[in-house]
Amino acid sequence: MVSKPSGGGSEALSLRHHLRSATAALHERVDAYFAQFLQQGDKGYERFLLSSASAILPLEDALDKAGVSAVLPDWDERSRSAALKSDLAELSLAPPVVDGVAGLPLPSDEAYLFGVLYVLEGSRLGARVISRELEQGQRAVPKRYLSHGEGKPLWQSFVKQLEASEASRSNPEMVIAGAHAAFGMFLPAVAEAPA
């Protein structure tokens, strides 16, 4: 288990911190890819949305098919596919068609699903930062995807559910595998985004 206190009186790393450490390099790579798009004006923002959709849409669809609502009962409140599709439609962009995506469908293993969810819920925090930067630059672009769930404690409630998951605490390697798979979806999606 990851989150039990160690014998020396100090607290062992929580599952969230263990995940953050195990995925830090992938997280940095994804952030660097997206940062390039966001510095390229309106066309770059379109590429950002298309790249996000190439990962988010198939991941959320796979989560639905894997029965994610049994793991995270408020999943319908968290899913951002509809918001992302609305932003794309406003820009007259069709959602990307992603064929033969590696790693999908997802196993219905609770620990693995929590790993995938960790990446998606964490990306919501990054979306807030991006949204604020766009506002400061006074960019008038659709931001339903970026602002989805704003004002709700979705990250905090997710972390509580992650840490309370016995399956995840008993098998942190499976949680990390799910997180790695989810981050991997963003990397090819970004690298292959249309110019």
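The present account deals with the structure reproduced in this document.

Rules of the game
- Residues numbered from 1 in each chain as written.
- Predicted model: local features only at pLDDT ≥ 70, side-chain atom pairs only at ≥ 80, totals over all residues.
- Heavy atoms only, no water.
- Core = buried A, V, L, I, M, F, W, Y, C linked by side-chain atoms within 4.5 Å.
- Buried < 20%, exposed > 50% of the residue type's maximum accessible area, 1.4 Å probe, protein only.
- Helix = DSSP H or I, 4+ residues; strand = E, 2+ residues; numbered from the N terminus.
- Contact = heavy atoms within 4.5 Å.
- Salt bridge = Lys/Arg side-chain N within 4 Å of Asp/Glu carboxyl O.
- Phe/Tyr/Trp six-rings, centres within 6.5 Å; stacked < 30°, edge-to-face > 60°.
- 1 Å grid on protein atoms, 1.4 Å probe; cavity = no way out; pocket = protein on both sides within 12 Å on 5 of 7 lines; lining within 4 Å.
- Points joined across faces, edges and corners; volume = space filled by probe spheres on them.
- Nonpolar A, V, L, I, M, F, W, Y, C, P; charged D, E, K, R; others polar.

## Considering the nonpolar core
Moving on, step 1. Counting 54 residues, the largest nonpolar core has Phe48, Leu63, Leu117, Phe158 and Phe186 as its most contacted members.
Moving on, step 2. Of all the secondary structure elements, the ones that give two or more residues to this core are helix H1 (15-38), helix H2 (41-65), helix H3 (68-71), helix H5 (81-90), helix H6 (110-136), helix H7 (144-147), helix H8 (154-164) and helix H10 (172-191).
Moving on, step 3. Take this core: its biggest share by element is 12 residues, from H6.
Moving on, step 4. Ignoring sequence-local partners within four residues, the contact set of Phe48 consists of Phe34, Phe37, Leu38, Ile130, Tyr145 and Leu146.

## A closer look at the pattern of salt bridges
Moving on, step 1. On inspection of all chains with the given rule, the structure shows nine salt bridges.
Moving on, step 2. Between Glu77 and Lys152 there is a salt bridge, with the nearest N and O atoms lying 3.6 Å from each other. Placement of Glu77 in helix H4 (residues 75-78) and of Lys152 in the loop between H7 and H8 is noted, with a sequence separation of 75 residues between them.
Moving on, step 3. For Glu77, a relative accessible area of 36% gives the class partly exposed.
Moving on, step 4. Put simply, Glu121 and Arg78 hold a salt bridge, and the shortest N to O gap is 2.8 Å. Linking Glu121 in helix H6 with Arg78 in helix H4, this pair joins segments that are 43 residues apart in sequence. The pair formed by Glu121 and Arg78 is uniform in burial state, with each residue classed as buried.
Moving on, step 5. When salt bridges with common partners are traced through the structure, they connect Asp74, Arg78, Glu121 and Arg124 into a single cluster.

## Here we look at the packing of aromatic side chains
Moving on, step 1. Summed over all chains, the structure comprises seven aromatic pairs.
Moving on, step 2. Considering the side-chain rings of Phe114 and Phe158, the 5.9 Å spacing of their centres and the 45° angle between planes classify their relative orientation as tilted. Of this pair, Phe114 sits in helix H6 while Phe158 sits in helix H8, and the two are 44 residues apart along the sequence. Note on accessibility: Phe114 and Phe158 belong to one class, buried.
Moving on, step 3. In this structure an aromatic cluster arises from ring pairing among Phe34, Tyr45, Phe48, Tyr145 and Phe186.

## Some thoughts on the layout of surface pockets
Moving on, step 1. Considered as a void within the structure, the largest pocket measures approximately 550 Å³ in volume.
Moving on, step 2. Contributing to the lining of the largest pocket are 25 residues, with His27, Asp31, Gly122, Ser123 and Gly126 lying nearest its centre.
Moving on, step 3. Elements that contribute at least two residues to the lining of the largest pocket include exactly H1, H2, H6, H7 and H10.
Moving on, step 4. The greatest single-element share of the lining of the largest pocket, amounting to 10 residues, is contributed by H6.
Moving on, step 5. A per-class count over the lining of the largest pocket returns 16 nonpolar, five polar and four charged.

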